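Okay, here's what each chain looks like letter by letter:
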Amino acid sequence: MTILAVRDVARRFGGLAALGGVTLDVRAGEIRGLIGPNGSGKSTFFNVVSGILRPDAGTILFDGTPIQDLAADRRQHLGLGRTFQEIQLFYDMTVLENVMVGAHRTGRADIGAALLRPPWQRAEERRLREAARECLDFVGLGALQDERARTIAYGHQRLLEIARALAAGPRLLLLDEPAAGMNPAETRALMGQVERIVARGVTVFLVEHNMKMVMGLCERITVLHHGQVIAEGTPAAVQAAPAVLEAYLGRAGA
Ligand code: ADP
Ligand code: MG
C-alpha cells in the first residue's frame, strides 16, 4: 500500500529549479531514504510535502488524499509529521511542555478553552500531559521532562523534536538530518529509535548525510541531484549506480 504518492512536483526559487519534477512513491511501513549532495533539494522536498512550501506544479497524495493545496496544519492533522534540519524548539519551555505543544494538535483544547477553562479542559490537559510523557519515555528523555529545552544536550534536543512530532500521532514521519551534530554513540541510539518508531506503525522518510545510518536503516533510497531523481532502489543498488557516484564525486572534485 502506498502512503505517499508524489507526481511531477516542481518548485522554483527565482531562476533556480530547486525541484524539477519529482515523482516517487513511499510504501506504508517502510523506511525510505532520501539522499543527495548539499543543495540537491532534499529539504525543499520535505517542505513541499509537509506544506511549509507550495509546489509550483505536481500532485501529492497522502493515503490517497490530494494534499498539495492544504495548509501545513491540515496535513499534520491527516497524519503527516516532520522534524527540521535546523532544530525548532521552544527553548524557554520545559522538555515536557515542548512535547505537549505537539500533542496539543490532536486535542480539543485551544486558546479560548484555556481562558475559560471548562470542566473538560483539565481532563484534556491531563490526557495531553500523559501522551507527551509517553512520547518522552519512548525516546528515552523521560528523566529530563522538567529541564528547559535550551539546557539539554544537542543530541537530546534532536530526540525531543522527534518526541514532539510523535505526540501529534503521525502515520508518516519526515526526518530531515536527525543525526546532524550527533556523535557515533548518539547516532547508533538514534538508529534504534527509528526502528522502534517504524515498529510502532509509523512510516519513516529519512534525509540523512550519515551514510552508515541511511544504508543500515532504509529498504529503499531515492537519490536527488539538482532537484531531479537520479536513482532509486536498494542501498546496494544506489551505491553502485554510476549517476550517483558521479553526483557525489563531481561534487567532491569541484
Ligand atoms: P538540501 O536540503 O538538499 O541541501 P535545499 O532543499 O535546502 O537542499 O536547497 C535546494 C536549493 O534551493 C539550494 O540551491 C538552495 O540554496 C535553494 N533554496 C532552498 N530554500 C530556498 C529559499 N527559501 N529561497 C531561495 N532558495 C532556496
Ligand atoms: Mg537540507
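Residues numbered from 1 in each chain as written. Chains lettered and ligands numbered in written order. Predicted model: local features only at pLDDT ≥ 70, side-chain atom pairs only at ≥ 80, totals over all residues. Heavy atoms only, no water.

Chemist: Summarise unusual backbone geometry; cite the residues concerned and give the values.
Modeler: Unlike most non-glycine residues, Asp-8 shows phi in positive territory, near 50°. One non-glycine residue, His-226, adopts positive backbone phi at about 50°.

Chemist: Mind laying out the coordination of the magnesium ion (ligand 2), listing which residues take part and the relevant values?
Modeler: Those donors, Ser-43 (OG) and Gln-85 (OE1), are the protein atoms that reach the magnesium ion (ligand 2), and they lie 2.1 Å from it. Of this pair, Ser-43 sits in helix 1 (residues 42-50) while Gln-85 is found in the loop between strand 6 (80-82) and helix 3 (95-104), placing the two residues 42 residues apart along the sequence. Gln-85 gets classed as partly exposed once you look at its relative accessible area, which sits at 29%. (Donors = N, O, S within 2.8 Å, 3.2 Å for Na, K, Ca; no water. Helix = DSSP H or I, 4+ residues; strand = E, 2+ residues; numbered from the N terminus. Buried < 20%, exposed > 50% of the residue type's maximum accessible area, 1.4 Å probe, protein only.)

Chemist: Describe the site of ligand 1, with residues and values.
Modeler: The environment of ligand 1 is formed by Phe-13, Leu-16, Ala-18, Pro-37, Asn-38, Gly-39, Ser-40, Gly-41, Lys-42, Ser-43 and Thr-44. Here an oxygen atom of ligand 1 sits 2.7 Å away from a polar atom, N or O, in the main chain of Gly-39. Between Lys-42 and ligand 1, the recorded distance is 2.8 Å, taken from a side-chain N or O atom to an oxygen atom. Burial of ligand 1 by the protein chains amounts to 58% of its free accessible area of 560 Å². The set of elements that each furnish at least two residues to the shell around ligand 1 consists of strand 2 (16-27) and helix 1. Take the shell around ligand 1: its biggest share by element is 3 residues, from helix 1. Partitioned by chemical class, the residues of the shell around ligand 1 number 4 nonpolar, 6 polar and 1 charged. (Near = heavy atom within 4 Å. Polar contact = N/O pair within 3.5 Å; in protein donor to acceptor, adjacent residues only side chain to side chain. Areas by Shrake-Rupley, 256 points an atom, 1.4 Å probe, with all protein chains shown as cover. Nonpolar A, V, L, I, M, F, W, Y, C, P; charged D, E, K, R; others polar.)

Chemist: Run through the domain arrangement of the protein chain, naming residues and quoting values.
Modeler: Domain boundaries in the protein chain define domain 1 (2-79 + 170-249) and domain 2 (94-163). One C-alpha centre belongs to domain 1, the other to domain 2; they are set 27 Å apart. Summing both partners gives a buried area of about 1100 Å² for domain 1 against domain 2, and 58% of it is carried by carbon and sulfur. Here domain 1 is connected to domain 2 by 1 salt bridge. Summed over the shared surface of domain 1 and domain 2, the number is 4 residue pairs in polar contact (both at pLDDT 80 or more). Of all elements in the fold, only helix 2 (72-78), strand 7 (172-176) and helix 7 (184-199) reach the threshold of two or more residues within the side of domain 1 that touches domain 2. Here the side of domain 1 that touches domain 2 gets 5 residues from one element, more than from any other, and that element is helix 7. The residue makeup of the side of domain 1 that touches domain 2, split by class, is 6 nonpolar, 4 polar and 5 charged. (Domains from an automatic or database assignment. Buried area = accessible area lost by both parts, 1.4 Å probe. Salt bridge = Lys/Arg side-chain N within 4 Å of Asp/Glu carboxyl O.)

Chemist: Report on the packing of helix 6 (residues 154-167) against helix 7, specifying residues and quantitative values.
Modeler: Direction vectors running N to C along helix 6 and helix 7 enclose 10°, while the axes themselves pass 11 Å from each other. On the basis of the axis angle, helix 6 is roughly parallel to helix 7. Packed against helix 6, whose contacting residues are Gly-155, Leu-159, Ile-162 and Leu-166, the element helix 7 presents Glu-186, Leu-190, Gln-193 and Ile-197 at the interface. (Axes fitted to C-alpha atoms, helices over the stretch in contact; angles between N-to-C directions. Parallel < 35°, antiparallel > 145°, perpendicular 65-115°, else oblique. Contact = heavy atoms within 4.5 Å.)

Chemist: Can you lay out the side chain of Glu-177 for me, pointing to particular residues and giving the numbers?
Modeler: Relative to the helices and strands, Glu-177 resides in the loop between strand 7 and helix 7. Salt bridges are absent for the buried Glu-177, whose nearest opposite-charge side chain, Lys-42, sits at 5.0 Å. Within the structure, Glu-177 has its side chain in polar contact with the side chain of Gln-85 (distance 3.4 Å). Beyond its immediate stretch of four places on either side in the chain, Glu-177 contacts Gln-85, Arg-158, Val-207, Glu-208 and His-209. (Lys, Arg positive; Asp, Glu negative; His and termini not counted.)

Chemist: Before we move on, could you go through the pattern of salt bridges and cite the residues and values that matter?
Modeler: By the definition in use, this model includes 10 salt bridges. The salt bridge partner of Arg-133 is Glu-130, with a shortest N-O separation of 2.9 Å. With Arg-133 and Glu-130 both in helix 5 (residues 119-138) and 3 residues apart, this pair spans about one turn of that helix. Judged by its relative accessible area of 28%, Arg-133 is partly exposed. Relative accessible area serves as the criterion here: at 43%, Glu-130 is assigned to the partly exposed category. A salt bridge links Arg-164 to Glu-161, with the shortest nitrogen-to-oxygen separation between them at 3.6 Å. You can see Arg-164 and its partner Glu-161 sitting in helix 6, 3 residues apart, about one turn around the helix. One network of salt bridges, in which partners are shared, links Glu-30, Arg-32, Arg-220 and Glu-232.

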